[in-house]
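Coordinate inspection notes
These are the residues of each chain, in order.
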Amino acid sequence: MVQMLLEGTRDTLYMTLMATLFGYVLGLPMGIVLAVTDKNGICANKIVYKVLDFIVNLVRSVPFLILLILVIPLTRLIVGKSYGSTATIVPLVIAAAPFIARMVESSLKEVEQGTIEAALSMGAGTGTIIWKVLLAEARTSLLVGVTIAVGTILGYSAMAGVVGGGGLGDIAIRYGYYRYETGVMIVTIIILVVLVQILQGLGMMLSRKLDRRRREL
Amino acid sequence: MGKKEVLLEIRNLHKDYGNGPVLEDISLQVEKGEVIVLVGPSGCGKSTLLRCINGLEPIQGGSILLDGREITDGKTNWSQVRQKIGMVFQSYDLFPNMTVLDNVLLGPLKVQKRQKAEAKAQAEQLLARVGLLQKKDAYPRELSGGQKQRVAIVRALMMEPEILLFDEVTAALDPEMVREVLDVMLELAESGSTMLIVTHELQFARAVADRIVFLDGGHIVEMDDPETFFTQPKSDRVHRFLNTFVFASQSQERKHSESQ
């Protein structure tokens, strides 16, 4: 049992971290594009913004449980099978990327317009502004976003247990729901809570450390 | 005054946000080394004019020429032009997550791709000139408003611009800090910098300007040397404007003495 819970924890962490990583590989550029192409952005472009905005909303409005089943063909194509923790990463990434894109977009839009104009007035190009002003100045907010994303993806990954997705959610459903072993379910919940707490704490600590705007460090 | 080189020329500039003109038929020549102060009531378009010169606002008519070349013809490489036009803003707009030194080095290193050692030496020299060398490793939050604004001026100077635009740079400052910023600007003016200044500090305007331009309702109403402007304004409008300032400063003094 302990062995199984340990493996479950490992699988959950594996799915969550990999999905967060790939979620950002897709979501970060999407969020940047959304932020800079919106009407007050440095490369305002109505068409690009509207298209991306629509895609993000579309994927975001599909409930994760449905998405999980919907993308099974794609999952098979990429991973070769539709169950287990590696396979679960595919729907997790698809669900997380638009959500991450939105958070990145809102973080970048928090950057003072004045600092962007100051950079523009020095002749800074789009790339410099994205890297040195937007991403650099929004880093605290972006890291808070990562923390939220990890927490959300962790929750989603547990949901994948319904279709044999592996990890702690899988254990909770198989033992807690199908076999009425409430004890096992409670233990998995406790482990999930502890995981969320640890990841949340780490993220917040890091973002505070990187914040130079406040006096109370 | 001998014939001087025209650095910046504005010809019949027209700016419109879509609900009536903000600037109409503005023409102005700025010579090399000249200091021009733009004054006028709030909302008269002074700041907008500066923003148009820097390409932060598109214009709907007329043209702007820098060094005799048109920069408003749509083919402009703004990145290059803006390096020649330094701008300092009312709200300082320093990068909050960077030290003072990193703030002033961003342009030279990332935009102009200069050598770090050389740019750093220049930064330290300029920071020393505005009395802030000891703050080079501080973050903006640790500075007073006046200090932040002096850093912002250094940041603009680091690009070695041909002309400097100052957009109400003392408007957000506590009264005691206004002086330290104006002193820096006065020194720049004396050392031959070409400057276009928007300000409400009329005494400063009188001291620093070669020419005063009075804007109202998007038009240039009057353009004169400071002496004439302040002592014998030609138009009624300027006369009234100057009078409101006299009253305003008197009532301020009265409040000041009451609070003591």
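Source: prediction; values computed, not measured. (Residues numbered from 1 in each chain as written. Chains lettered and ligands numbered in written order. Predicted model: local features only at pLDDT ≥ 70, side-chain atom pairs only at ≥ 80, totals over all residues.)

1. Considering the overall build of chain B
Summing up its helical and strand segments, chain B has nine helices and ten strands in all. A compact globule built from 260 residues would reach a C-alpha radius of gyration of about 18 Å, and chain B, at 19 Å, matches this within 12%. Counting only C-alpha atoms, chain B reaches 55 × 55 × 40 Å along its principal axes. For chain B, buried positions account for 44% of its 260 residues. The long-range share in chain B, meaning contacts at least 24 apart out of those at least 6 apart in sequence, stands at 66%. (Helix = DSSP H or I, 4+ residues; strand = E, 2+ residues; numbered from the N terminus. Rg over C-alpha atoms; globule rule 2.2 N^0.38 Å. Buried ≥ 20, exposed ≤ 12 C-beta atoms within 10 Å, placed from the backbone. Contact = placed C-beta atoms within 7 Å.)

2. So, the interface of chain B and chain A
A common way to express how large an interface is: the accessible area buried when the components associate. Chain B puts 20 residues into the contact, and the matching count from chain A is 21 residues. Among the secondary structure elements, those contributing two or more residues to the side of chain B that touches chain A are α2 (78–84) and α3 (100–111) of chain B. In the side of chain B that touches chain A, the residues fall into nine nonpolar, seven polar and four charged. (Nonpolar A, V, L, I, M, F, W, Y, C, P; charged D, E, K, R; others polar.)

3. Quick look at the confidence of the model for chain B
On average, residues of chain B score 91 in pLDDT, and 93% of them reach the 70 mark or higher. Overall fold confidence for the complex sits at a pTM of 0.87, while the interface term, ipTM, reaches 0.87. (pLDDT = per-residue confidence, 0-100.)

4. Points about the nonpolar core
Core analysis: the biggest nonpolar cluster contains 133 residues, and Ala96 of chain A together with Val37 and Leu38 of chain B have the highest contact counts within it. Looking at which element gives the most residues to this core, the answer is helix α5 (residues 85–109) of chain A, with 15 residues. Each residue touching Leu38 of chain B, except ones within four places of it in the same chain, is listed here: Lys46, Leu49, Leu196, Ile197, Val198, Val213 and Leu215 of chain B. (Core = buried A, V, L, I, M, F, W, Y, C linked by C-beta atoms within 7 Å.)

5. A few points about the sheet that holds strand β8 (residues 194–198) of chain B
All names here are of chain B. Taken in spatial order, the six strands make up an open sheet running β6-β7-β8-β3-β9-β10, and their pairing is mixed. The sheet terminates laterally at β6 (85–88) and β10 (219–224), the two strands that pair on one side only. Averaged over neighbouring strand pairs, the angle between their axes works out to 20° when direction is ignored. The sheet contact formed by strand β3 (residues 35–39) and strand β9 (residues 211–216) spans four bridges and is parallel. Bridge pairing in β9 links Val37 to Ile212. Each of β6 and β7 (163–167) is contacted by helix α5 (residues 145–157), which is oriented at about 170° to β6, the strand it contacts most. (Pairing = 2+ DSSP bridges. Axes fitted to C-alpha atoms, helices over the stretch in contact; angles between N-to-C directions.)

6. A closer look at the packing of helix α9 (residues 167–178) of chain A against helix α10 (residues 182–209) of chain A
All names here are of chain A. Packing of α9 against α10 brings their axes to within 8 Å, and their N-to-C directions diverge by 160°. Considering the angle they form, α9 stands roughly antiparallel to α10. Viewed along their axes, α9 and α10 form a crossing whose handedness is left-handed. Judged by residue contacts, Leu168, Ile171, Ala172, Tyr175 and Gly176 of α9 engage Thr182, Val184, Met185, Thr188, Ile191 and Leu192 from α10. When the residues that make up the contact of α9 with α10 are grouped by side-chain class, the tally is eight nonpolar, three polar and no charged. (Parallel < 35°, antiparallel > 145°, perpendicular 65-115°, else oblique. Left-handed = near helix turned anticlockwise from the far one by under 90°.)

7. A look at helix α6 (residues 113–121) of chain A
Of all nine residues in α6 of chain A, seven are buried, a share of seventy percent or more. Buried within α6 of chain A are the following residues: Thr115, Ile116, Glu117, Ala118, Ala119, Leu120 and Ser121 of chain A. The inward-facing, buried residues of α6 of chain A abut α7 (126–137) of chain A together with α2 and β6 of chain B. Backbone geometry just downstream of α6 of chain A places Gly123 of chain A in the positive-phi region, at approximately 95°.

8. Considering helix α1 (residues 2–37) of chain A
Counted at 1.5 Å a residue, the expected span for α1 of chain A with its 36 residues is 52 Å, and the 51 Å between its end C-alpha atoms agrees. At Tyr24 of chain A, α1 of chain A shows its largest bend, some 35°. (Expected span 1.5 Å × (residues − 1). Bend = angle between axes of the 7 residues up to and from the residue.)

9. Describing unusual backbone geometry
Residues and elements named next belong to chain B. Here Asp93, not a glycine, exhibits a phi torsion of approximately 55°, which is positive. In this structure, Lys113 takes a positive phi of about 55° despite not being glycine. Here Lys113 is to be found in the loop between α3 and α4 (116–129). Using a count of 8 C-beta atoms within 10 Å as the deciding quantity, one classes Lys113 as exposed.

10. Looking at the confidence of the model for chain A
Averaged over all residues, the pLDDT of chain A equals 92, while 98% of them reach at least 70. Mean pLDDT values over the elements of chain A span from 89, in α9 of chain A, up to 96, in helix α2 (residues 46–60) of chain A.

11. A few points about the sheet that holds strand β4 (residues 61–66) of chain B
All names here are of chain B. The sheet built from four strands is open, its strands ordered β2-β1-β4-β5 with antiparallel pairing. A strand with exactly one partner marks an edge of an open sheet, and here the two such strands are β2 (21–31) and β5 (69–70). Where strand β1 (residues 6–16) lies against β4, five bridges are found, and the strand directions are antiparallel. From the neighbouring strand, Leu8 faces β4, where its bridge partner is Leu66. Taken strand by strand, helix α1 (residues 46–53) contacts β1, β2 and β4, and its axis lies near 65° from that of β2.

12. Remarks on the environment of Ile100 of chain A
Residue and element names in this part refer to chain A. Turning to its location among the elements, Ile100 is positioned in helix α5. Once the C-alpha coordinates of Ile100 and Val146 are considered, the two residues, 46 residues apart in sequence, prove to be 8.0 Å apart. Setting aside its immediate chain neighbours within four residues, Ile100 contacts Gly23, Tyr24, Gly27, Leu28, Gly31 and Ala149.

13. A few points about the pairing of β8 of chain B
Consecutive residues of a regular strand have side chains that alternate between opposite faces of the sheet. All names here are of chain B. Across the five residues of β8, five count as buried, placing the element largely inside the fold. Residue alternation in β8 divides its side chains into two sets, Thr194, Leu196 and Val198 and Met195 and Ile197, and both sets are buried. Sheet analysis places β3 next to β8, joined by four bridges and oriented parallel. Looking at β8, one finds that Val37 is bridged to Ile197. For the segment spanning β7, helix α6 (residues 175–190) and β8, crossover handedness is right-handed. (Right-handed = clockwise from strand over helix to strand, strands pointing away.)

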